[in-house]
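The residues making up each chain are set out below.
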Amino acid sequence: MSDDTRNQMPRNLMPLWEVFIRPRTGLAHSHVGSVHASDEVMAVQAARDVYTRRGEGVSIWVVPSASITASDPDQRDENFEPSASKAYRHPSFYDIPDDVGHM
Amino acid sequence: MYSQGLIGADGRTVEDEEFLTRFQARIDDEQKIEPNDEMPEGYRRTLVRQIGQHAHSEIVGMLPEGNWVTRAPSLRRKASLLAKVQDEGGHGLYLYSAAETLGVSREQMTEELIDGTAKYSSIFNYPTLSWADIGTIGWLVDGAAIMNQIPLCRCSYGPYARAMIRICKEESFHQRQGYEIVMTLAQGSPAQKAMAQESLNRFWQPVLMMFGPPDGESRNTDQSVKWKIKRFTNDELRQKFVDATVPQAEYLGLTIPDPDLKWNEQRQGYDFGPIDWDEFWRVVKGNGPMNRERVAARRKAWDEGAWVREAALAHAAKRQAQAAE
């Protein structure tokens, strides 16, 4: 749940860590939430207690929330619009006769 | 927690019409609102209040159950109860995280809880006097919570909705372990069955109050429904809960303590008697049987844990300094 608001929290508070969990080998670590902890050792311990009580994963990453740089939501259109207007980037843009078979 | 989270919520907002119309269009389009997105101040404030109260409810909810951990009647019951209490702590943390995405700090929320300004669900201001209460809480309190929380999984605010999805998955275990406890008592000796009935008698009305005041008196509902923070009204959820619960009580051979309770064929639902709203407001305003003890217990835990937090931070600072050398 990374976001800029939380990265601006005062320094004297218990630091915030983003938690990523690999559900099983073969899958990527995914963001699951966050924990407060004094350091990375405590953060991994807290993440284990909070986010893996029912076999949710086999590996945990913790990253200081303040280390995450996020794209600006106000620039969402400029950043991500091209993926909508460039239909020719997708296979369905091209007409191939059925006779050719699966391609 | 739940529908009570909106009591006293201030949905007033100062943005211009154009901004509000644009925001409402996103909501109507079922788009989720994420932390960095622009949102009306009233929407943010309502969510901070509701999610904060929901988080506090999970944390304070550990206290009535913790009361019975050392006296659980078997190792199996003790292990289940410990796991359930641990889940409640976890749920509180998911929810505090969701509230923090709205710019409020964990410390601030904790301070509001222990200085008595923040609210939490009225249900946790009732004592757990017998072992049967642990069963009743799982069956009815968690049952009512599930009824409230399932629609919250579709709440318009992304982090809250995601936290609710996790919580709902775990909550089902809570209700089943509670029902199993009540079932064991109901099928036991006459004294055990009487203990289950007595517990149901005490908790029934307070559980119905968990859904919050009647729709006529709940002036914050309209705006919250429009913003899709809330999907059903308090009375709709209360009715769903009663309709689901009465057959469960019948199966146990227990009697719902309400002489006016009867099936309404026309409505296809149960009619039920009046709720003591004076008692509800007394408890919400801090004068329930356990309000002072609950807040005092949280304050004690926070104060007595201060040295641990300080030591952990000092240790982290020392390690950082050593690494820099």
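The rules we used
Residues numbered from 1 in each chain as written. Chains lettered and ligands numbered in written order. Predicted model: local features only at pLDDT ≥ 70, side-chain atom pairs only at ≥ 80, totals over all residues. Heavy atoms only, no water. Helix = DSSP H or I, 4+ residues; strand = E, 2+ residues; numbered from the N terminus. Buried < 20%, exposed > 50% of the residue type's maximum accessible area, 1.4 Å probe, protein only. Contact = heavy atoms within 4.5 Å. Areas by Shrake-Rupley, 256 points an atom, 1.4 Å probe, with all protein chains shown as cover. Rg over C-alpha atoms; globule rule 2.2 N^0.38 Å. Axes fitted to C-alpha atoms, helices over the stretch in contact; angles between N-to-C directions. Parallel < 35°, antiparallel > 145°, perpendicular 65-115°, else oblique. Left-handed = near helix turned anticlockwise from the far one by under 90°. Nonpolar A, V, L, I, M, F, W, Y, C, P; charged D, E, K, R; others polar. Phe/Tyr/Trp six-rings, centres within 6.5 Å; stacked < 30°, edge-to-face > 60°. 1 Å grid on protein atoms, 1.4 Å probe; cavity = no way out; pocket = protein on both sides within 12 Å on 5 of 7 lines; lining within 4 Å. Points joined across faces, edges and corners; volume = space filled by probe spheres on them. Buried area = accessible area lost by both parts, 1.4 Å probe. Salt bridge = Lys/Arg side-chain N within 4 Å of Asp/Glu carboxyl O. Polar contact = N/O pair within 3.5 Å; in protein donor to acceptor, adjacent residues only side chain to side chain. Pairing = 2+ DSSP bridges. pLDDT = per-residue confidence, 0-100. Patch = residues over 30% accessible without salt bridge, like charges linked within 9 Å, V, L, I, M, F, W, Y side chains within 5 Å. Expected span 1.5 Å × (residues − 1). Bend = angle between axes of the 7 residues up to and from the residue.

### A look at the overall build of chain A
Counting its secondary structure elements, chain A contains four helices and three strands. Listed by position from the N terminus, the elements making up chain A come as α-β-β-α-β-α-α. Residues counted as buried form 28% of the 103 residues belonging to chain A. Long-range contacts, defined as pairs at least 24 residues apart, comprise 46% of the intrachain contacts of chain A with a sequence gap of at least 6. By element, 53% of the accessible surface of chain A is carried by carbon and sulfur atoms, the whole surface being about 7000 Å².

### Describing the overall build of chain B
Each helix and strand in chain B was counted, giving 13 helices and two strands. In terms of overall size, chain B behaves like a compact globule, its C-alpha atoms giving a radius of gyration of 21 Å where 325 residues would be expected to give roughly 20 Å. Structurally, chain B occupies a C-alpha span of about 70 × 55 × 35 Å along its principal axes. Counting across all 325 residues of chain B, residues that qualify as buried make up 55%. Considering only contacts within chain B whose residues lie at least 6 apart along the sequence, 80% involve residues at least 24 apart.

### Let's talk about the packing of helix α4 (residues 75-100) of chain B against helix α7 (residues 158-186) of chain B
All names here are of chain B. It is at 10 Å that the axes of α4 and α7 come closest, and there the two elements cross at 160°. As summarised for this structure, α4 and α7 are arranged roughly antiparallel, according to the angle between their axes. Considering how the two elements wind past one another, α4 and α7 form a crossing that is left-handed. For the contact of α4 with α7, a count of residues per class yields 11 nonpolar, five polar and nine charged.

### Re the packing of aromatic side chains
Residues and elements named next belong to chain B. Applying the stated criterion across every chain, the model contains 13 aromatic pairs over all chains. For the ring pair Tyr43 and Trp227, a centre distance of 5.7 Å and an interplane angle of 90° mean the geometry is edge-to-face. Linking Tyr43 in helix α2 (residues 41-60) with Trp227 in the loop between α9 (221-226) and α10 (234-252), this pair joins segments that are 184 residues apart in sequence. With relative accessibility at 0%, the residue Tyr43 sits in the buried group.

### Examining the layout of surface pockets
Looking at the largest pocket, its volume works out to about 1100 Å³. In terms of lining, the largest pocket is formed by 33 residues, of which the most central are His36(A), Leu93(B), Arg106(B), Trp302(B) and Arg309(B). Residue assignment for the lining of the largest pocket shows that the elements contributing at least two residues are β2 (30-36) and α2 (40-51) of chain A together with α4, α5 (106-114), α12 (291-304) and α13 (306-324) of chain B. Of the residues in the lining of the largest pocket, the class split is 19 nonpolar, eight polar and six charged.

### Things to note about the interface of chain B and chain A
Contacts between chain B and chain A engage 29 residues on the former and 26 residues on the latter. Summed over both partners, the interface of chain B with chain A buries about 2300 Å², with 52% contributed by carbon and sulfur atoms. Where chain B meets chain A, there are seven salt bridges. Between Arg54(A) and Glu170(B) there is a salt bridge, with its nearest N and O atoms 3.5 Å apart. Where chain B touches chain A, the interface holds 10 residue pairs in polar contact (both at pLDDT 80 or more). Of all the elements in the fold, those that place two or more residues in the side of chain B that touches chain A are α4, α5, α7 and α13 of chain B.

### Remarks on the pairing of strand β1 (residues 16-22) of chain A
Regular strands have side chains that alternate between both faces of the sheet. Residue and element names in this part refer to chain A. The element β1 is extensively covered by neighbouring structure, given that six of its seven residues are classed as buried. Pairing between β1 and β2: six bridges, direction antiparallel. Paired with Ile21 across the bridge in β2 is Ser30. Pairing between β1 and strand β3 (residues 59-64): six bridges, direction antiparallel. When the sheet's bridge partners are listed, Ile21 is paired in β3 with Ile60.

### Some remarks on the sheet that holds β1(A)
All names here are of chain A. Ordered in space as β2-β1-β3, the three strands form an open sheet in which the pairing is antiparallel. Edge positions in the sheet fall to β2 and β3, since each of these pairs with one other strand and no more. Strand-to-strand twist of the sheet, defined as the mean angle between neighbouring strand axes without regard to direction, takes the value 30°.

### Some words on the confidence of the model for chain A
With 87% of its residues at a pLDDT of 70 or more, chain A shows a mean pLDDT of 86. Note on residues 1-11 of chain A: pLDDT under 50 across the span, and 33 contacts to partners over four residues away in sequence or across chains.

### Some words on the pattern of salt bridges
Taken as a whole and assessed by the stated rule, the structure comprises 26 salt bridges over all chains. The residue Arg231(B) makes a salt bridge to Glu30(B) at a minimum N-O spacing of 3.1 Å. Of this pair, Arg231(B) sits in the loop between α9 and α10 while Glu30(B) sits in the loop between α1 (17-28) and α2, and the two are 201 residues apart along the sequence. Owing to a relative accessible area of 45%, Glu30(B) belongs among the partly exposed residues under this scheme. Salt bridges here are not isolated pairs; linked through shared partners, they connect Arg53(A), Arg54(A), Asp87(B) and Glu170(B).

### Considering a nonpolar patch on the surface
On the surface, Tyr88(A), Phe93(A), Tyr94(A), Ile96(A), Val100(A) and Met103(A) cluster together into a nonpolar patch covering about 670 Å² of accessible area. Among the structural elements, Tyr94(A) can be located in the segment after α4 (82-85).

### A look at helix α6 (residues 131-152) of chain B
Given 3.6 residues per helical turn, the α-helix brings residues three or four places apart onto the same face. Residue and element names in this part refer to chain B. In this model α6 runs 31 Å from its N-terminal to its C-terminal C-alpha over 22 residues, within 8% of the 32 Å that 1.5 Å per residue would give. Considering bend angle alone, the principal kink of α6 is centred on Ile137 and spans about 35°. Judged by how many residues are buried, α6 sits mostly within the fold: 21 of 22 residues are covered.

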